[in-house]
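For reference, the chains in residue letters:
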Amino acid sequence: PISTFTTLKYFFQNLLTLYCRCDIIPVFPRDRYNKGDFEMINKKVYLASPFFNDMERSVMQATLSTLRTQYAEVYAPFEHTIPNAWDMSNKAWGKAVFMEDIEAIKQADIVYVIDHGHYSDAGTAWECGFAYGLGKEVIHCTVDITATYSLMMANGCTTSSTDFDVFMGEVK
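Residues numbered from 1 in each chain as written. Predicted model: local features only at pLDDT ≥ 70, side-chain atom pairs only at ≥ 80, totals over all residues. Heavy atoms only, no water.

Tallied over the entire structure, the rule returns six aromatic pairs. With a centroid separation of 4.9 Å and an interplanar angle of 65°, the aromatic rings of Phe 51 and Phe 78 are classed as edge-to-face. Of this pair, Phe 51 sits in the loop between strand E1 (41-48) and helix H2 (54-70) while Phe 78 sits in the loop between strand E2 (71-75) and helix H3 (90-107); the two residues are 27 residues apart in sequence, bridging distant segments of the chain. You can call Phe 78 partly exposed: its relative accessible area is 33%. Ring pairing ties together the aromatic residues Phe 51, Phe 52 and Phe 78, which thus form one cluster. (Phe/Tyr/Trp six-rings, centres within 6.5 Å; stacked < 30°, edge-to-face > 60°. Helix = DSSP H or I, 4+ residues; strand = E, 2+ residues; numbered from the N terminus. Buried < 20%, exposed > 50% of the residue type's maximum accessible area, 1.4 Å probe, protein only.)

Written out as structure tokens, the structure is:
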């Protein structure tokens, strides 16, 4: 039996492979390739994703691994820290995180958004809307296809999918 994590991992790998149609991009599985074996796509990617429970972190990590096989630079807020954070007030730290993420979205060429449905993180929804408002290419994936999701998230992007086959039709 295939686990939910494995299914999601292959969903994002296939999604990324399809999206990046290019002769220099290898076909997965990832373990057959190393970053140095092919030319990386020279675009900056920002990954907007909640990371507050094990499921969200697992999906985010699998997506990060996949993105990093394709793109030269991938920014994930989860991985970044604020210097001297322990010396800051909560308000000052929050503002520093906010400003760093805004700058990273401004610098990104593409923003990938992982959405877990209506309950999903408000910060992820804000990042999606901000990127869309800046005219960034926004790729939105609703991970839980049984969940209801926000029409703002689904429409505030370049491409949105709850189903891999539907996504393939949209990319063509």
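Moving on, we get to the sheet that holds strand E5 (residues 159-161). One open sheet holds the five strands; their spatial order is E2-E1-E3-E4-E5, and the pairing between them is parallel. In the strand order of this sheet, the two ends are held by E2 and E5, each with one partner. In this sheet, adjacent strand axes meet at a mean angle of 20° when their direction is disregarded. Looking at chain direction, E1 and strand E3 (residues 110-115) are connected through four bridges and run parallel. Its bridge partner lying in E3, Tyr 46 is registered against Val 111. (Pairing = 2+ DSSP bridges. Axes fitted to C-alpha atoms, helices over the stretch in contact; angles between N-to-C directions.)

Moving on: the pairing of E3. With six of its six residues buried, E3 lies for the most part within the structure. Both faces of E3 are covered, namely the face carrying Ile 110, Tyr 112 and Ile 114 and the face carrying Val 111, Val 113 and Asp 115. Here E3 pairs with strand E4 (residues 137-142) via six bridges, running parallel. In the strand pairing of E4, Ile 114 is matched with Cys 141.

The end-to-end C-alpha distance of H3 is 26 Å, a good match for the 26 Å that 18 residues give at a rise of 1.5 Å each. Within the span of H3, buried status applies to Asp 101, Ile 102, Ala 104 and Ile 105. Axial view of H3: buried residues confined to an arc of 165°, hence all on one face. Next to the buried residues of H3 lie E1, E2, E3 and helix H4 (122-133). (Expected span 1.5 Å × (residues − 1). Arc of directions from axis to C-beta. Contact = heavy atoms within 4.5 Å.)

This part takes up the state of the cysteines. On inspection of all chains with the given rule, the structure shows zero disulfides. As a non-bridged cysteine, Cys 128 has Cys 157 as the owner of its nearest cysteine sulfur, 5.7 Å distant. (Disulfide = S-S within 2.5 Å.)

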